Amino acid sequence: MYVDSHIHLQDYKTQDIKNVVTNAAQNGVTHFINPSARPKDWDKVAELALLYPQLVPAFGVHPWHIDEVPADWEQRLENMLNKYPTAFVGECGIDRLKNPDTVAQIKILRFHAELAQKYHRPLIIHSVKADSEMASLFDALPKRTVFHSFTGSAEWGKMIQNRGFFIGLNFSILRKKNAAEILRSLNLRQILLETDGPYQNIERGSETLPQNLPDLAQKIAVLLQMPTAELEELIVENQNVFLGERK
Ligand SMILES: [Zn+2]
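Criteria and thresholds
Residues numbered from 1 in each chain as written. Predicted model: local features only at pLDDT ≥ 70, side-chain atom pairs only at ≥ 80, totals over all residues. Helix = DSSP H or I, 4+ residues; strand = E, 2+ residues; numbered from the N terminus. Rg over C-alpha atoms; globule rule 2.2 N^0.38 Å. Buried ≥ 20, exposed ≤ 12 C-beta atoms within 10 Å, placed from the backbone. Contact = placed C-beta atoms within 7 Å. Pairing = 2+ DSSP bridges. Axes fitted to C-alpha atoms, helices over the stretch in contact; angles between N-to-C directions. Core = buried A, V, L, I, M, F, W, Y, C linked by C-beta atoms within 7 Å. Right-handed = clockwise from strand over helix to strand, strands pointing away. Parallel < 35°, antiparallel > 145°, perpendicular 65-115°, else oblique. Left-handed = near helix turned anticlockwise from the far one by under 90°. Nonpolar A, V, L, I, M, F, W, Y, C, P; charged D, E, K, R; others polar.

**Section: the overall build of the protein chain**
Assigned secondary structure in the protein chain consists of 9 helices and 8 strands. For 247 residues, the compact-globule formula gives about 18 Å, and the C-alpha radius of gyration of the protein chain, at 17 Å, lands near that figure. Along the first, second and third principal axes, the C-alpha atoms of the protein chain reach 50 × 40 × 35 Å. Within the protein chain, the fraction of its 247 residues that count as buried is 41%. For the protein chain, contacts bridging at least 24 residues in sequence account for 65% of all contacts bridging at least 6.

**Some words on the sheet that holds strand E3 (residues 55–59)**
Read from one edge of the open sheet, 8 strands run E1-E2-E3-E4-E5-E6-E7-E8, paired in parallel fashion. Here the strands that pair on one side only, and so sit at the sheet edges, are strand E1 (2–4) and strand E8 (191–193). Between one strand and the next, the sheet's axes are offset by a mean angle of 30 degrees, whatever the strand orientation. Direction of pairing for E3 relative to strand E4 (residues 88–95): parallel, over a ladder of 2 bridges. Residue Phe59 lies in a different strand from E4, and its bridge partner there is Val89.

**Regarding unusual backbone geometry**
With an omega of 10 degrees, the peptide bond running from Gly90 to Glu91 counts as cis. Geometrically, the link from Gly197 to Pro198 is a cis peptide bond, its omega value of 5 degrees lying close to zero. Secondary-structure assignment places Pro198 in the loop between E8 and helix H8 (213–224).

**Focus on the nonpolar core**
Among the nonpolar cores identified, the biggest contains 59 residues, and Ala58, Phe59, Val89, Val146, Ile167 and Leu193 are the most heavily contacted of them. The biggest single contributor to this core is helix H4 (residues 103–119), with 5 residues. Once you skip the residues sitting within four places of it in the chain, Ala58 turns out to touch Ile33, Asn34, Pro35, Ser36, Ala87, Phe88, Val89, Gly90, Glu91 and Ile124.

**Structural notes on the environment of Ala58**
Mapped onto the secondary structure, Ala58 falls in strand E3. For Ala58, a count of 27 C-beta atoms within 10 Å puts it in the buried group. Separated by 65 residues in sequence, Ala58 and Leu123 place their C-alpha atoms 8.5 Å apart.

**Details of the environment of Leu213**
When you line up the elements, Leu213 lands in helix H8. Along the backbone, Leu213 and Ser153 are 60 residues apart, and their C-alpha atoms lie at a distance of 23 Å. If we skip the residues at most four places from it in the chain, Leu213 touches Tyr2, Asp4, Val29, Leu193 and Thr195.

**Here's the deal with the pairing of E3**
Across the 5 residues that make up E3, a large majority, 4, are buried. Alignment of strand E2 (residues 29–35) against E3, held across 4 bridges, turns out to be parallel. Directly across from Pro35, in E3, lies its bridge partner Ala58. As for the winding sense of the linkage, the β-α-β connection from E2 through helix H2 (residues 39–51) to E3 is right-handed.

**Some remarks on the packing of helix H3 (residues 73–83) against H4**
Contact geometry for H3 and H4: axes closest at 11 Å, N-to-C directions at 30 degrees. Taken together, H3 and H4 sit at an angle that is classed as roughly parallel. When the axes of H3 and H4 are compared, the crossing they make is right-handed. On H4, the residues that touch Glu74, Leu77, Glu78 and Leu81 of H3 are Phe111, Leu115 and Tyr119. Of the residues contributing to the contact of H3 with H4, the split by class is 5 nonpolar, no polar and 2 charged.

**As for the packing of H8 against helix H9 (residues 228–243)**
Between H8 and H9, whose axes approach to 9 Å, the crossing angle comes to 110 degrees. One finds that H8 runs roughly perpendicular with respect to H9. Here H8 and H9 pass one another in a crossing that is right-handed. For the pair H8 and H9, contact is made by Ala217, Gln218, Ile220, Ala221 and Leu224 and by Thr228, Leu231, Glu232 and Ile235, respectively. Here the residues of the contact of H8 with H9 are counted per class, giving 6 nonpolar, 2 polar and 1 charged.

This is the structure in structure tokens:
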């Protein structure tokens, strides 16, 4: 029973969402954490959460979209968290590959972290080429924070996990030359699996589906040289810790 810990169901273009959810369940992927990327997604994600009780919505502003926010976005984000008491915060973060100017990104990330602390909600972080900036913000982050789509170094993974944070793994880690080395250096008690669907396409041009999550688990287990069932057991425990009462 897997949770796809990071999926954007609102973004599928070639798939019917109902089929995506049904096919996932048939493959043992029964729950989802569904982040939004910008205010114009928020209502769509909230609507999906009402349609699918197995979906945890998350509200936030992705670092790629910080220029698209309306002036009152902060109040609107807080309103969403009040209105949806089980919602998580995110995704948010810093992406220096996309935008080397981190001033606004950090300011926006800090606001998300404050709200997550204030309302005791987990926080979903997107962090690319921003290790030192993120490390300097560790104190501001809630304990239940996940660094999603992790493709960083073994050292960076250790730094994140030593602070008690989680690491979200998807198919992109498998593209790293030293994937096995990175995976073996991680604390397996603090990892989650995700597809980041419809993104992180496994095959060029196709949308990634949550039904692929068991395949991801199997590929990671091979690199970890452990039985898939053993990894699955760990992941299920981790999911329960991260989702807490929610699941
Ligand atoms: Zn995402």
